[in-house]
Number of protein chains: 2
Amino acid sequence: MGINASHVPETCYHHCNQTFESSRQCFKWCQELARKDEYKIYGYPYSTNTRRVLAVLHEKGLSYDPITVNLIAGDQKKPSFLAINPFGQVPVFLDGGLKLTESRAISEYIATVHKSRGTQLLNYKSYKTMGTQRMWMAIESFEFDPLTSTLTWEQSIKPMYGLKTDYKVVNETEAKLEKVLDIYEERLKNSSFLASNSFTMADLYHLPNIQYLMDTHTKRMFVNRPSVRRWVAEITARPAWKRACDVKAWYHKKKN
Amino acid sequence: MGINASHVPETCYHHCNQTFESSRQCFKWCQELARKDEYKIYGYPYSTNTRRVLAVLHEKGLSYDPITVNLIAGDQKKPSFLAINPFGQVPVFLDGGLKLTESRAISEYIATVHKSRGTQLLNYKSYKTMGTQRMWMAIESFEFDPLTSTLTWEQSIKPMYGLKTDYKVVNETEAKLEKVLDIYEERLKNSSFLASNSFTMADLYHLPNIQYLMDTHTKRMFVNRPSVRRWVAEITARPAWKRACDVKAWYHKKKN
């Protein structure tokens, strides 16, 4: 991993928060103080945003205590949960006294704290690779997610609530997604994954909606494009992702 | 600035990309090789997303060559521009051979490359401050921006295109924004800025839509909340932001 060597480091902020004297001393502190297994996550095992964070935890080989917020029962809008997250959304992530919301912010937090562990999700070998990865993470957030979240909601989530799918919305949204997936196809012809030739957070961010859409008619749009199809097959087959989608495992974990 | 001292750095990736031997040697390389004034930005001076990146450049005291993409004339959908950005959007940022899209990714790229220069926009003193800042950056992207972009589009941008504002959409969106701004008010009662007690990227990201909404009826929602009003007054008064909104300055800059 590179470093911006024009700054003289003063304090370690990996875990130990000590004044930097030697990497060996700091390593000792960090490893001893690392609270790897104290994470708590308020979530729902069917929620796309919860699964995004679970995927990161599994890619890093980290354990966590799940606390179920039943979205179907509307638990997320009850005063007891609004006191935890006033936006009324899951997941909420607790690391000791630190409380974080927003699945992508939580994901980056975990991947940065545990940079050296498990899959290298933030693969910043140079400023160029960092910029390119940030761009593909933003493309997911602003071009891909708004469309695929709508398609997942209409076709997969609404039926869970006993609501009817609006096919006019599905058709209009799919027309927009066609153009986005054409750009993805071009990119994935020339790159194994979106940001680089290795799996990164940019790919991971896409998984939750893609997984639901593989069980809908929208699946055809992904499999009709050979490079997108190859990419989808590869990222959905990751063991960490399969564990993130294991609903039984969520409920069988010890709860606090 | 802290450092993760459990990793031994191998290569500087500030600018010089050299194997790290001493910070002094690296500093020399970095400063000599820094290409501070070679940035090109395809954009439109009225565009919210263009202004977000310009604000970062001005906060960092960096110069750039503007290339106008006239959104009102539809230049962003012409084949010549789609060859540059297939999403048909501005801004597009060029740093030598690196091309980046998505305003927030570009902003983070600039703020990371020029970490030591100008305003400290990514103020990561500890993992906790990093996580908190990432969370507020994500809240902007996923809770604030979808609503305020709709309100800006309906009330400020549509009239530029000769289109009529849909007040049903405005009213529905404002009702959702009320709840978000209540959460902001609570936060800003206890913190000078969103992520911490100093101005960061989390605040900057909000500026482009807020600036347009200050000229609409939606302004009342910001000024009716004392802490939000104080925050809006402070961030919109920043000299870098005023320069980012200076349309004449955009057109008077030397173009390549």
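Above this text is the structure in question.
All figures in this text were calculated on a predicted structure; none of them were measured in a lab.

A. A look at the overall build of chain A. Secondary structure assignment for chain A yields 11 helices and 4 strands. Burial analysis of chain A (256 residues in total) assigns 56% to the buried set. When the accessible area of chain A is evaluated, it comes to approximately 11,200 Å², of which 52% is carbon and sulfur surface.

B. Seen up close, the environment of Met-135 of chain B. Residues and elements named next belong to chain B. On the secondary structure map, Met-135 appears in helix α5 (residues 127-160). In this structure Met-135 comes out as buried when scored by relative accessible area, which is 10%. For the pair Met-135 and Arg-117, spaced 18 residues apart in sequence, the C-alpha to C-alpha distance is 24 Å.

C. Helix α6 (residues 167-190) of chain B, seen in detail. All names here are of chain B. In a regular helix each residue adds 1.5 Å, so 24 residues correspond to 34 Å; α6 covers 34 Å between its end C-alpha atoms and thus fits that length. By the burial criterion, the buried members of α6 are Val-170, Thr-173, Glu-174, Leu-177, Val-180, Leu-181, Ile-183, Tyr-184, Glu-185 and Leu-188. Among the structural elements, α5, α9 (219-223) and α10 (226-236) are those in contact with the buried residues of α6. The N-cap residue of α6 is Asp-166: its side-chain oxygen and the backbone nitrogen of Lys-168 are 3.0 Å apart.

D. Looking closely at the pattern of salt bridges. Residues and elements named next belong to chain A. Under the defined criterion, the tally for this structure stands at 26 salt bridges over all chains. The salt bridge partner of Glu-140 is Arg-52, with a shortest N-O separation of 3.9 Å. Residue Glu-140 is found in helix α5 (residues 127-160), and its partner Arg-52 is found in helix α2 (residues 48-59); the two are separated by 88 residues along the sequence. Residue class for Glu-140 comes out buried when judged on its relative accessible area of 0%.

E. Region of interest: the pairing of strand β3 (residues 92-95) of chain B. All names here are of chain B. Burial along β3 is two-sided: the face carrying Val-92 and Leu-94 and the face carrying Phe-93 and Asp-95 are both buried. Here 4 bridges tie β3 to strand β4 (residues 98-101), and the two strands are oriented antiparallel to one another. The residue of β4 that forms the bridge with Val-92 is Thr-101. In textbook terms, the turn of a hairpin is the stretch between consecutive antiparallel strands, and for β3 and β4 this stretch comprises 2 residues, one of which, Gly-96, has a positive phi near 60°.

F. Structural context of the sheet that holds β4 of chain B. All names here are of chain B. What the 4 strands build is an open sheet, ordered β2-β1-β3-β4; its pairing is mixed. The open sheet has two edge strands with one neighbour each: β2 (65-68) and β4. Strand-to-strand twist in this sheet, taken as the mean axis angle between neighbours without regard to direction, amounts to 20°. Bridge analysis of strand β1 (residues 39-43) against β2 gives 4 bridges, and the strand direction is parallel. Counterpart to Gly-43 in the pairing with β2 is Thr-68.

G. Geometry of the nonpolar core. Tyr-184, Phe-222 and Trp-231 of chain A together with Tyr-184, Phe-222 and Trp-231 of chain B are the most contacted members of the largest nonpolar core, which has 121 residues in total. Among all residues touching Tyr-184 of chain A, those that are not within four sequence positions of it are Trp-136, Ile-139, Glu-140, Phe-144, Leu-194, His-206, Val-228 and Trp-231 of chain A.

H. Structural context of unusual backbone geometry. All names here are of chain A. Residue Val-90 is joined to Pro-91 through a cis peptide bond whose omega torsion reads 0°. Look at Glu-102: it is not a glycine, yet its phi comes out positive at around 75°. Inspection of the secondary structure puts Glu-102 in the loop between β4 (98-101) and α4 (103-113). The exposure class of Glu-102 is buried, given its relative accessible area of 9%.

I. The arrangement of the sheet that holds strand β2 (residues 65-68) of chain A in detail. Residue and element names in this part refer to chain A. Judged by pairing direction, the sheet is mixed, and its 4 strands sit side by side in the order β2-β1-β3-β4 without closing on themselves. Each of the sheet's edge strands pairs with one partner strand only, and the pair in question is β2 and β4. Across the sheet, the axes of successive neighbouring strands diverge by a mean angle of 20°, strand direction being ignored. Running at roughly 130° to β4, α4 makes contact with β1 (39-43), β3 (92-95) and β4 of the sheet.

J. Layout of the environment of Thr-132 of chain A. Along the chain, Thr-132 of chain A turns up in helix α5. Each C-alpha atom, one on Thr-132 of chain A and one on Ala-202 of chain A, is 9.7 Å from the other, the two residues being 70 residues apart in sequence. Beyond its immediate chain neighbours, meaning those up to four positions away, Thr-132 of chain A contacts Arg-187 and Ala-195 of chain A together with Leu-98 and Leu-100 of chain B. A polar atom in the side chain of Thr-132 of chain A sits 2.9 Å from the backbone oxygen of Lys-128 of chain A.

Criteria and cut-off values
- Residues numbered from 1 in each chain as written.
- Chains lettered and ligands numbered in written order.
- Predicted model: local features only at pLDDT ≥ 70, side-chain atom pairs only at ≥ 80, totals over all residues.
- Heavy atoms only, no water.
- Helix = DSSP H or I, 4+ residues; strand = E, 2+ residues; numbered from the N terminus.
- Buried < 20%, exposed > 50% of the residue type's maximum accessible area, 1.4 Å probe, protein only.
- Areas by Shrake-Rupley, 256 points an atom, 1.4 Å probe, with all protein chains shown as cover.
- Expected span 1.5 Å × (residues − 1).
- Contact = heavy atoms within 4.5 Å.
- Polar contact = N/O pair within 3.5 Å; in protein donor to acceptor, adjacent residues only side chain to side chain.
- Salt bridge = Lys/Arg side-chain N within 4 Å of Asp/Glu carboxyl O.
- Pairing = 2+ DSSP bridges.
- Axes fitted to C-alpha atoms, helices over the stretch in contact; angles between N-to-C directions.
- Core = buried A, V, L, I, M, F, W, Y, C linked by side-chain atoms within 4.5 Å.

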